[in-house]
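# Residue-level structure breakdown
The residues making up each chain are set out below.
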Amino acid sequence: VRFASAEGGCGMSLLASVGGTASQLLARTMETGFDDEQFRNYEELSIDEDLSLLERVKRYSLGGTTLQKIVFVREIPNCIEEAGLELALAEVLPLLAQLATEQEATVRQMLAQQLPRVVQLLVKNVWPEGAAEARAKAGSVAGPPALAAFAPEQTSKLDERAYRAVIEVVLPAIRSLIVGEGLAEGNNGGARNFMTSPQVTDSACAALLELTSWVREEDAGAHVLTLVLMLAHDDEAEERRVVAASLLGEMASLLSIELTTQFVLPEIVSLSDDSVFRVRKAAALKLGTVCALVGEPALGRLAAVIPPSDRAARLLPLLSHFEQDPSRWVRNAAQQVLGPVIATLPSTSITSELLVRFCSLASPGAGTSITSDAETAYSCAYHFPAVLRAAGASRWSELSEAHSTLASDAQWKVRRTLAYSLHEIAALINEEAGERSVDAALLVVFDQFLKDVDEVRVGVLSHLAEFLANVSDAARRQNLQVLVEVQADHDNWRARTLLASQLSRLGQAYDLDSQADTLVPLALALATDQVAEVRIMTASELGPLLLLLHQGGAVERVRRFMGSIGQMSTSASCHRRLNFSLLASALLLARQLPWRLLVMVLLKPALGLADDPVANVRLAIAQLVANLLESALDDADVGDLDDAEQAEVAGRMEVAAARLEADSDRDVLRAIKRIRDPRFEPPKYEPALSSPVDRGARSPPPLPPDSDSPAAEVEDGDDEYFDSPATATTEEGGDERVEESSDSALKTVAGVAGGQGGQSLG
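Anyway, here's the lowdown on the structure attached to this text. (Residues numbered from 1 in each chain as written. Predicted model: local features only at pLDDT ≥ 70, side-chain atom pairs only at ≥ 80, totals over all residues. Heavy atoms only, no water.)

## Structural notes on the pattern of salt bridges
Tallied over the entire structure, the rule returns 25 salt bridges. Two residues, Glu-81 and Arg-117, come together in a salt bridge whose shortest N-O distance is 2.8 Å. In this pair, Glu-81 is assigned in helix H6 (residues 76-83) and Arg-117 in helix H9 (residues 105-123), connecting sequence segments 36 residues apart. Linking Arg-652 and Glu-648 is a salt bridge whose minimum nitrogen-to-oxygen distance equals 2.8 Å. Of the two residues, Arg-652 and Glu-648 both sit in helix H39 (residues 643-661), four residues apart, roughly one turn of that helix. For Glu-648, a relative accessible area of 25% gives the class partly exposed. Overlapping salt bridges bring together Arg-666, Asp-667, Arg-670 and Glu-681 as one network. (Salt bridge = Lys/Arg side-chain N within 4 Å of Asp/Glu carboxyl O. Helix = DSSP H or I, 4+ residues; strand = E, 2+ residues; numbered from the N terminus. Buried < 20%, exposed > 50% of the residue type's maximum accessible area, 1.4 Å probe, protein only.)

## Here we look at the packing of aromatic side chains
Tallying each qualifying case throughout the model produces six aromatic pairs. Taken together, a centroid distance of 5.3 Å and an interplanar angle of 25° make the contact between Tyr-60 and Phe-72 stacked. Placement of Tyr-60 in helix H4 (residues 53-63) and of Phe-72 in helix H5 (residues 66-73) is noted, with a sequence separation of 12 residues between them. There is no split in this pair, since Tyr-60 and Phe-72 are both buried. Taking the centre distance of 6.3 Å and the plane angle of 45° together, the rings of Phe-358 and Phe-384 count as tilted. Taken as a pair, Phe-358 in helix H21 (residues 352-359) and Phe-384 in helix H22 (residues 374-391) lie far apart in primary sequence, 26 residues in all. What makes Phe-358 buried here is its relative accessible area of 1%. (Phe/Tyr/Trp six-rings, centres within 6.5 Å; stacked < 30°, edge-to-face > 60°.)

## A few points about helix H36 (residues 574-590)
Its 17 residues give H36 an end-to-end C-alpha distance of 24 Å, which sits within 8% of 24 Å, the value for a rise of 1.5 Å per residue. Within H36, 14 of the 17 residues are buried, which leaves the element mostly enclosed by the surrounding structure. Phi turns positive, to about 55°, at Arg-591, one or two residues after H36. (Expected span 1.5 Å × (residues − 1).)

## Digging into the environment of Lys-684
Inspection of the secondary structure assignment puts Lys-684 in the loop between helix H40 (666-673) and helix H41 (748-761). Linking Lys-684 and Asp-665, residues 19 residues apart in sequence, is a C-alpha distance of 9.6 Å.

## Section: the nonpolar core
If you look at the biggest cluster of nonpolar residues, it comprises 212 residues, and the most contacted ones within it are Ile-76, Leu-442, Leu-483, Met-562 and Leu-602. For this core, the element with the most residues is helix H11 (residues 157-179), which contributes 12 residues. Setting aside chain neighbours within four positions, we find Leu-602 in contact with Met-562, Ile-565, Gly-566, Phe-580, Ala-584, Leu-587, Leu-588 and Leu-597. (Core = buried A, V, L, I, M, F, W, Y, C linked by side-chain atoms within 4.5 Å. Contact = heavy atoms within 4.5 Å.)

So this is what it looks like as structure tokens:
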């Protein structure tokens, strides 16, 4: 028995594909020998590794065991890519028709999952370069690529044959997967058309949508839409009509407006009168699993492609028809698409009666015959901002009661959805009615969400700056205490990270006094937080916040803040020195503050850490020095230094770089050497001959002692820096026994410091 290897041409070994169970089986059998059952298990894992990938796919996808079929059906796209179009058309595509009628549902499902990539490989040369990338950015259901496909006369004969194979071979295979055509039912050996398994159907529908977006417009109508309409007119199998209703809604944005208005919408209207309630429900809301592929109801998708002037006349009667359906499930489905439909209407078409219908979804059974349930309330909350935008904030009074009801809903997921959109609602109200109206409408709900469970609270905290930017000055000042309380919550580091990520935007929302008295101390506390993620996030926000202060005239406050950071460079704690390196790197590389101030307060103590006894600290400094030396400083960057001072700064950075290049830590060497040789690879460590306790990399001898650290006394004389050599101050007495890593260790914080700097410069 021979097993597949990665070198044998197979995309994955069968043994690896089934994980540890097969490995354990192999080990036991080597000890005890084979019995019949174990031999059958081995047979499922065995392949002929001398065969090429194409030969393996042909042999095992049709004639192998179930496990072998699954594995090699999965390899079909790789096989097409490796073999090329000519061989794929002749040898691989003929397999699809047989595999589409395979008795094992798991094999058919695997085939359906591979067909989208098969389609892309076959049609890639029919679309202009860049179409696939543009479509990937837009999303698979955002419509066809912006670039049109080449006409048949513009493509080669081979490329056009490959494209036609999508219509003539792949599309029929998808049809067979959806309808179960050719499968034997029961044990009578007969064959008839019946519905395949739901999982296969869902995967096949997804493949059909993918195919629709990659074929020419005329083929989408003549072949794909015709297939779906055939399913919709199948009077014997209700499941096919359910699938058809779902696909029609999904395909609305993939087809032209003409096809949508002439065929798709009338067909959904027809299905809404179906005798089976499941079909009627699917006509209002897409089939469950397929719905997750897009996340929007069918009518909402249809509304997006109907001209705005016709939407109300075409859709509202259909929606009313669904809402009066005798089936509760159909009525609920109609309720969940009401919000998306209203959001697509012009404001002149949104009547008070329509808003009343929407608001009734927030409170089940409140004066209306429309039945609501948990999903309906969630849908109402989810679409509330879109409805308010379409109707206009001037009509807030018609929606405010529903908003209050949703904010107090018993389900936290409803309240969470509303919390995440609170800043959007505030912006809409502020735009039309002003900040005072926002205060009256939303401050109570804002306070309520801040005291809610974490799942809801995080929605408000994620957009705290945007919300506070839309309230009045008085309300903003009153909520300063909220910021302090979030920072003081030591049990919730994620909330502190969210706060740190908005420091610069909060600075823009508040006046200078609030920035200096509250935000700056808050930033210092977050910059020295016990959780690294909070400190890293704060470092990226410090530059813009301090720049706001400096531009506002609070220069001395900025200097004192930076002096507090500089003092960390002389701490006995290696963690505080490492944190200083992170903060200094972020500020120095961003260059948003005057260069003289940055040099005096941060650069001098940073260069002094080039011989720090801890390798992680030296690595952070190496990243900083390398980034500074790589980036050219223009006159705008160093305009407040004269030529002699600029030369002095450059000289001291070269000295620090030389010290770091003499380091014995491989990661430090790799970081600093890249400025001269990006491909430099440091020598491996020699085996340790001394005590096994001493496993860390040694730093070079310390620099000669110099004057006291200037970080804490920067106000007394900035120009002293240019009269004395670089300083490296290391406090003695602190326990700094750090087990430094070898070549494979990850020095995370130091790497972030270097990476953020490079990104800021870029």
